[in-house]
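Summary of the model geometry
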Amino acid sequence: METMIKELKEALRFVLSVEFWRMGVLWTISLLASYLQLYTNRLFSRKAQSYPRCHPPISPSLRPVCVITGATSGLGAAAAHALSREGFYVVLVGRSSHSLSKIMTDVKTQNEDARVKAFQVDLSSFHSILEFKGSLQQWLLDCKMHSSVQLLINNAGILATSSRFTPEGYDQMLGTNYIGAFCLTTFLLPLLKRSPVPSRIVNVTSFTHRNVFDVQVDQESVSGACFLRSGQYPFARIYEYSKLYLLLFSYELHQQLGLMDKPCHVSVTAADPGVVKTNIMREVPSRLSQLAFEVLKLLGLLQSPENGVSSILDAALAPPEASGVYFFGGKGRTLNSSALSHNIKLAKELWTTSYSLFLEASLASKETSSSMSDNLS
């Protein structure tokens with residue numbers, strides 16, 4: 001009885017918060033707006049809005065390598081199953097060694113020919129990402145595989161309802177959802193460029209980015225420091241920011257790769273799976289998350305991970321020329337993301353700010369390693 005009363009009080013406090021209504025009302029409106037645009041395109045647009053899926057090139061000398069973050073459950077796990085069946089050597093990246101072992105077993109059980117490797121990585125920690133880069137390169141060398149990566153899916157994401165910090169002092173939600181993806185992509189870009197066949201980066205974003213109408217991209221905003229001044233942790237707004245940042249990053253990287261002196265064969269796409277029943281809502285009071293899922297199910301908007309992963313697979317397997325586009329709704333279909341996400345000036349400012357944070361973290365990591373070496377000697 002006491003537990004039930006405690007849960008009800010927690011749910012009531014949550015319902016009375018601005019963030020709850022932002023999620024319940026604005027997020028639903030932005031989701032419906034995305035579907036409306038999808039069907040309007042189908043009815044009235046003469047321009048092709050979809051891309052076919054292409055099977056990855058597989059040869060005796062090259063089995064394509066796919067790195068998936070947040071791969072231990074939900075969409076990441078569903079992508080791992082699907083891409084292993086496509087012939088990729090799937091590299092699972094996640095925080096829990098137990099969950100990684102379980103998903104590895106599940107993939108191999110369902111597909112005897114699957115090739116799977118797991119690495120325990122905390123995407124909110126720069127040092128953990130740096131260690132992963134070295135471990136991945138060493139693994140490729142030890143296995144006598146080509147020192148390259150053909151597909152990177154930045155899928156890891158959290159919805160944190162309370163303020164927490166990364167080892168570098170960033171907001172954990174921004175650190176995991178955006179800064180971690182930026183750093184990992186920066187580290188793995190040389191391996192993607194080294195691929196003898198076209199390679200791709202897929203950033204998993206969300207329709208919630210449509211609720212951001214004005215945004216700053218200075219260090220305080222990108223690291224989350226500016227949100228500490230809020231009386232109540234604005235977790236819904238931070239989540240929206242992180243997904244908008246991913247889109248701005250995707251479009252800017254697409255531009256940079258296309259404008260290189262030697263045109264690069266690395267393409268960049270964004271994927272929005274819509275609403276999928278995963279454990280991302282685990283910090284929301286369980287009674288409310290269950291109610292939300294029931295309502296979305298009645299509206300026909302709730303998907304299972306196996307169905308929701310469709311847009312991610314579309315983005316991953318689309319032809320090489322499909323770069324700088326936003327996949328939504330499955331069946332290879334694409335949409336226009338918000339006008340703000342296409343702001344070129346904002347994207348360049350975000351890139352500069354993010355790279356500055358990357359360099360700061362690199363310097364701090366080197367100083368820590370040097371200090372540890374001095375102490376050991």
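Quick caveat: nothing in here was measured; it's all calculated off a predicted structure. Counting starts from 1 at the beginning of each chain's written sequence and moves along it residue by residue. At least 70 in pLDDT is required for a residue's local features to be given in this predicted model, at least 80 for side-chain atom pairs to be given and counted, and no such filter applies to totals for whole chains, interfaces and linings, which use all residues. Hydrogens and waters are ignored; side-chain quantities use all the structure's heavy atoms.

What to know about the pairing of strand 3 (residues 115–120)
We count it as follows: Only strands that DSSP links by at least two bridges are regarded as paired with each other. Numbered from the N terminus, helices here are DSSP runs of H or I no shorter than four residues, and strands are runs of E no shorter than two. Handedness of a crossover is defined as follows: with both strands directed away from the viewer, a clockwise route from the first strand across the helix to the second makes it right-handed.
In terms of strand pairing, strand 2 (residues 89–94) meets strand 3 through six bridges, oriented parallel. Bridging across to strand 3, V90 finds its partner in V116. Between the parallel elements strand 2 and strand 3, the chain passes through helix 4 (residues 97–110) in a crossover that is right-handed.

Structural notes on the packing of aromatic side chains
The test is simple: Under the pairing criterion, centres of Phe, Tyr and Trp rings, with the six-membered ring standing for Trp, must be within 6.5 Å; the plane angle then separates stacked pairs below 30 degrees from edge-to-face pairs above 60, leaving the rest tilted. Between buried and exposed lies partly exposed: a residue is buried under 20% and exposed over 50% of the maximum accessible area for its type, with that area taken using a 1.4 Å probe on protein chains only. Two limits define a charge over a ring: the Lys NZ or Arg CZ must be within 6 Å of the ring centre, and within 35 degrees of the ring normal.
Per the stated rule, a full pass over the model turns up 22 aromatic pairs. Between F182 and F249, the aromatic rings sit 5.1 Å apart at their centres with planes inclined by 55°, giving tilted as the arrangement. Taken together, the residues F182 in helix 6 (residues 172–193) and F249 in helix 8 (residues 235–258) connect sequence positions 67 residues apart. Across the pair, F249 and F182 agree in class, each one buried. Aromatic rings pair up to connect Y178, F182, F227, Y241, Y245, F249 and W351 into one cluster. Over the ring of F119 we find K117; its NZ or CZ atom is 5.4 Å from the centre of that ring.

With respect to helix 2 (residues 18–44)
What counts is decided by this rule: One less than the residue count of a helix, multiplied by 1.5 Å, gives the span that helix is expected to have. Contacts are assigned to residue pairs that have any heavy atoms within 4.5 Å of one another.
Taking 1.5 Å per residue as the helical rise, helix 2 with its 27 residues ought to reach 39 Å, and the 37 Å between its terminal C-alpha atoms agrees with that figure. For helix 2, the complete set of buried residues consists of E19, R22, M23, W27, S30, L31, S34, Y35, Q37, L38 and N41. Close packing links the buried residues of helix 2 with helix 8, strand 7 (275–276), strand 8 (302–303), strand 9 (325–328) and strand 10 (334–335).

Considering the sheet that holds strand 9
What counts, and what does not: A fitted line through C-alpha atoms represents every axis, and for helices the fit uses only the stretch in contact; the resulting angles, taken between N-to-C directions, go from 0 to 180 degrees.
The eight strands lie next to each other as 3-2-1-4-5-6-9-10, forming an open sheet whose pairing is mixed. The strands lining the two open edges of the sheet, one partner per strand, are strand 3 and strand 10. Helix 6 contacts strand 1 (65–69), strand 4 (151–154), strand 5 (199–204) and strand 6 (266–272) of the sheet and is inclined by roughly 175° relative to strand 4. Strand contacts of helix 8: strand 5, strand 6 and strand 9, with the helix running at about 160° to strand 6, the strand carrying the most contacts.

Structural notes on a nonpolar patch on the surface
How we decide: Patch members must show over 30% relative accessible area and no salt bridge, and they are joined within 9 Å when carrying like charges or within 5 Å when they are nonpolar side chains of Val, Leu, Ile, Met, Phe, Trp or Tyr. Surface accessibility in these figures is a Shrake-Rupley result with a 1.4 Å probe; residues are shielded only by whichever protein chains are displayed. Put simply, a salt bridge is a Lys or Arg side-chain nitrogen that is within 4 Å of an Asp or Glu carboxyl oxygen.
There is a patch of nonpolar side chains on the surface, built from W21, V25, L26 and I29 and spanning about 370 Å² of accessible area. Here V25 is to be found in helix 2. Judged by relative accessible area, which is 37%, V25 ranks as partly exposed.

Digging into empty space enclosed by the protein
Test applied: Computed over the protein atoms alone on a 1 Å grid, cavities are sets of points where a 1.4 Å probe fits but cannot get out and pockets are open sets with protein on both sides within 12 Å along at least five of seven lines; a residue lines them when it has an atom within 4 Å of a point. Grid points are joined across faces, edges and corners, and a volume is the space filled by probe spheres set on the points. Three classes are used, and their members are as follows: Ala, Val, Leu, Ile, Met, Phe, Trp, Tyr, Cys and Pro are nonpolar, Asp, Glu, Lys and Arg are charged, and the others, Gly among them, are polar.
Tallying each qualifying case throughout the model produces one cavity of 30 Å³ or more. Volume-wise, the largest cavity comes out at about 70 Å³. If you trace the largest cavity, you find 14 residues lining it, with F126, E168, Y170, I179 and C183 closest to the centre. Mapped onto the lining of the largest cavity, the elements with two or more residues apiece are helix 5 (126–142), helix 6 and helix 12 (344–376). Residues belonging to the lining of the largest cavity are distributed by class as follows: eight nonpolar, five polar and one charged.

Notes on the environment of V212
As for its placement among the helices and strands, V212 is situated in the loop between strand 5 and helix 7 (219–223). Residue V212 is classed as buried on the basis of its relative accessible area, which comes to 3%. In this structure, the C-alpha to C-alpha distance between V212 and S338, residues 126 residues apart in sequence, is 8.8 Å. When sequence neighbours within four positions are dropped, the list of residues in contact with V212 reads E240, Y241, L244 and L340.

Examining the pairing of strand 5
Judged by how many residues are buried, strand 5 sits mostly within the fold: six of six residues are covered. Both faces of strand 5 are covered, namely the face carrying S199, I201 and N203 and the face carrying R200, V202 and V204. You can see the chain leave strand 4, run along helix 6 and come back into strand 5, and the turn it takes is right-handed. Direction of pairing for strand 5 relative to strand 6: parallel, over a ladder of six bridges. Residue pairing across strands places N203 opposite A270, the latter belonging to strand 6.

Considering the nonpolar core
Formally: By nonpolar core is meant a set of buried Ala, Val, Leu, Ile, Met, Phe, Trp, Tyr and Cys residues that side-chain atoms within 4.5 Å join together.
Formed by 84 residues in total, the largest nonpolar core has its most connected members in F132, L136 and Y245. For this core, the element with the highest residue contribution is helix 8, accounting for 14 residues. Residues contacting Y245, with those up to four places away along its chain left out, are L174, Y178, V215, Q216, V217, S221, V222 and L350. Among the nonpolar cores identified, the runner-up in size contains 35 residues, and I68, A77, L313 and A316 belong to it.

All we've got here are geometric facts, nothing functional implied.
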